[in-house]
Amino acid sequence: MQIENSLCDYDAVEAVNLEMRGLLDNLVQQKYFKFYKLNLYGTCPFWTENHLCMNEDCGVAVVDEFQDTTAYILKTIPEEWTSAALGAISSPMGGKHFQPFQSCNLKDQDFCQVDDEAISEGVYVDLMENPERFTGYSGPSAAKVWDAIYNENCFNVAQKMQRAAGCEQCSLDREAEDEDFAESVQAAAMSGISYAQNPMSLHQGHGHGHGHREQEKKEGQNTSPFVDPALNSLTGGSAAEKEEEMCLEKRVFYRMISGLHASISIHICDEYFNQTSGIWGPNLECFVSRVGAHPDRLENIFFDYSILVRAVTKLSGYLHNYEFCTGNPEEDTKVKAMVDKLIEVSSKSPAIFDEKAMFVGPDAQALKLEFRDHFRNITKIMDCVGCEKCRLWGKVQTSGLGTALKVLFSYNDEHLNPIKHPNLLQRTEIVALFNTLNRVSESVASIARFRTLYMEQHGLP
Ligand code: FAD
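Remember, it's a predicted structure, so these values are computed and weren't measured experimentally.

What counts, and at which threshold
Residues numbered from 1 in each chain as written. Predicted model: local features only at pLDDT ≥ 70, side-chain atom pairs only at ≥ 80, totals over all residues. Heavy atoms only, no water. Disulfide = S-S within 2.5 Å. Helix = DSSP H or I, 4+ residues; strand = E, 2+ residues; numbered from the N terminus. Buried < 20%, exposed > 50% of the residue type's maximum accessible area, 1.4 Å probe, protein only. Axes fitted to C-alpha atoms, helices over the stretch in contact; angles between N-to-C directions. Parallel < 35°, antiparallel > 145°, perpendicular 65-115°, else oblique. Left-handed = near helix turned anticlockwise from the far one by under 90°. Contact = heavy atoms within 4.5 Å. Nonpolar A, V, L, I, M, F, W, Y, C, P; charged D, E, K, R; others polar.

1. Notes on the state of the cysteines
Note on terminology: a disulfide is the covalent bond linking the sulfur atoms of two cysteines.
Reasoning step 1: Counting across every chain of the model gives four disulfides.
Reasoning step 2: A sulfur-sulfur distance of 2.1 Å marks the disulfide that ties Cys44 to Cys384. Across the S-S bond linking Cys44 and Cys384, the dihedral sits near 80°, which makes this disulfide right-handed. Placement of Cys44 in the loop between strand S1 (35–38) and strand S2 (62–63) and of Cys384 in the loop between helix H16 (364–381) and helix H17 (388–410) is noted, with a sequence separation of 340 residues between them.
Reasoning step 3: When its relative accessible area of 11% is taken as the criterion, Cys44 is described as buried.
Reasoning step 4: When its relative accessible area of 0% is taken as the criterion, Cys384 is described as buried.
Reasoning step 5: Put simply, Cys387 and Cys390 are joined by a disulfide, and their sulfur atoms are 2.3 Å apart. Here Cys387 and Cys390 share a disulfide; its torsion about the S-S bond, 75°, makes the bridge right-handed.
Reasoning step 6: For Cys390, a relative accessible area of 24% corresponds to the partly exposed category.

2. As for the packing of helix H2 (residues 10–27) against helix H18 (residues 427–457)
Each pair of packed helices can be described by the angle between their axes along with the distance between the axes.
Reasoning step 1: H18 packs onto H2 with a crossing angle of 130° between their chain directions and a minimal axis gap of 9 Å. The angle between H2 and H18 falls in the class oblique. Between H2 and H18 lies a crossing whose hand is left-handed. Between H2 and H18, the contacting residues are Glu14, Asn17, Met20, Arg21, Leu24, Asp25 and Leu27 on the first element and Phe434, Leu437, Asn438, Ser441, Glu442, Val444, Ala445, Ala448 and Arg451 on the second.
Reasoning step 2: Looking at the contact of H2 with H18 residue by residue, the classes come out as eight nonpolar, three polar and five charged.

So far we have only geometry, and geometry alone does not tell us how the molecule works.
Here you go:
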């Protein structure tokens, strides 16, 4: 399998990730990165009935900008970020009812719905005060949202070419995934190996995902965006290769959302609330059943990680010259130094994602627009999540991935110059990108911790 060959060096990724952990952890605690402004109470645009999670842990504590101007804003949010200041900057002629950002949230380059900091209905949230963890949100509401998200993995442009190339149809995707789980349990039972041994599969070569990886085999082996000299044929000219290419973007889309789903599941299992003991802590069984027993889900987390690292590395020059405005020049310099150091370390990570392998065929532009629109839809689906805390982190992380896609696919290196083009990225996008990298990096670190826990519990060396 191409993707396995290319992604075989998990140890190298984990080693660099370990070095990045402290830096990222420190970075996201900085004022610039911990305050995120978003529209937390948007209406679900896709269906009307929405079950709200009433658990205490589903709630979000928001920062009230207007609570106490002198005491609170000055201590927490830099004055420049307040609605009043942003409104004043963005609308010099603005009267009380002038709302310049109401209808222009999406630029062509945006892969996600960007919540502008000047929007009046947005709220500031301190991400440190609202950690992503087990909330108890589940059942039909959560399932409906995940279904809607995976249904976005259906591309019209790709579809007609896929049929010719013998690819699976959209509607079969989730079934294949479900079969994957059933098959892995059955295969494990038949071989006498507990499927719970799969958490080590990444390292011990037991990886044998079925559903979607089977699908990949059908769709063509040499179409992974992971860097490999063999992939050069992807940009070659035969009709069959172009058809396979259509399948590639669809697979990338699927892997991104499955990776996000798996990463969220890991955070739930890592910070799990045991309702019997009343204690928060890692839940190995939860990890094994939701992620560890599915090698493809584990791989998809590494997939998201490599996309985010690639985006951050591509942004190195841009961020080096970027003004991190915190309201305090010393803090600005400190934040810039931290970002520089983080990018320096992240660039040691194996370069395994090559965005240039995507969107290169004759229908590239149409496919790219469709890919973008579908990803935007996923960011809109977040308004249908019936648990505020899950919605918050869902929005942060889909915006973070959307920003990575924007960096990788909307701009070339010459564009990424903050002096010539200062407004390519909003603060919210940069904050979302780094917080998402932090969450996925935490998942990569958690996989190693769960692996150790598993070995200990099973008395394995
Ligand atoms: P789910 O995770 O709901 O999965 C549904 C089905 O999808 C599974 O049965 C399986 O067939 C398939 N599936 C599962 N994982 C993958 C994967 N990685 N790739 C492909 N297919 C997969 N709950 C919290 O406690 N805290 C949170 O912070 C939180 N955030 C959320 C954010 C969003 C955007 C959403 C939609 C839900 C969130 N939830 C959160 C709920 C959580 O994700 C689960 O839906 C819930 O815990 C129920 O889990 P489940 O075991 O029923 O399966």
